[in-house]
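Listed below are the residues making up each chain.
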Amino acid sequence: MTAAPRHRWRTDAAVVLGAVLPHPSLWGPGLAALGRLARRGWWHRPPFLPVPSDDYWHFRVVTAFGGAGNEAALTRRDVVAYLQWCRRTRLHRG
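The following paragraphs examine the structure supplied in this document. Please read all numbers here as calculations on a predicted model, not as lab measurements.

Examining helix H3 (residues 54–65)
Between its first and last C-alpha atoms H3 spans 16 Å; for 12 residues at 1.5 Å apiece the expected length is 16 Å, and the two agree. When H3 is considered as a whole, its buried residues turn out to be Asp-54, Trp-57, His-58 and Val-61. On an axial view of H3, the arc spanned by its buried residues comes to 100 degrees, and they lie on one face. One or two residues past the end of H3 sits Gly-66, with phi positive at roughly 80 degrees.

Below, the structure is given as structure tokens:
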């Protein structure tokens, strides 16, 4: 596997925020997803935000889009579809 591009998450964060902010019904699922993706002990290291590590985010992009993960562009549509799926599957758990 190739090395993760540095600060990929920072670029994709703007896409994620732009997708989630206009959809209040996705705020809860978005926060839950962020909690699942956040690196452990995020409060101990800069940027002191619950965001995924660059390596983990790269892994998630590769598993979602294939290839080396460098050329794939996350879209607002991808984010909304994923969070809607998270919300639906959460509601249907026993």
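Some details on the side chain of Arg-39
Along the chain, the position of Arg-39 falls in the loop between helix H2 (27–37) and H3. Buried and without a salt bridge, Arg-39 has Asp-54 as its closest oppositely charged side chain, separated by 8.1 Å. With residues up to four places along the chain from it excluded, the contact list for Arg-39 reads Arg-45, Pro-46, Pro-47, Phe-48, Val-51, Pro-52 and Ser-53.

Focus: H2
Of the positions making up H2, those classed as buried are Pro-29, Gly-30, Ala-33 and Leu-37. The arc enclosing the buried residues of H2, seen along the axis, measures out at 100 degrees, which places them on a common side. With respect to the buried face of H2, the exposed residues turned more than 90 degrees away are Leu-31 and Gly-35.

Calculation criteria
- Residues numbered from 1 in each chain as written.
- Predicted model: local features only at pLDDT ≥ 70, side-chain atom pairs only at ≥ 80, totals over all residues.
- Heavy atoms only, no water.
- Helix = DSSP H or I, 4+ residues; strand = E, 2+ residues; numbered from the N terminus.
- Expected span 1.5 Å × (residues − 1).
- Buried < 20%, exposed > 50% of the residue type's maximum accessible area, 1.4 Å probe, protein only.
- Arc of directions from axis to C-beta.
- Lys, Arg positive; Asp, Glu negative; His and termini not counted.
- Salt bridge = Lys/Arg side-chain N within 4 Å of Asp/Glu carboxyl O.
- Contact = heavy atoms within 4.5 Å.

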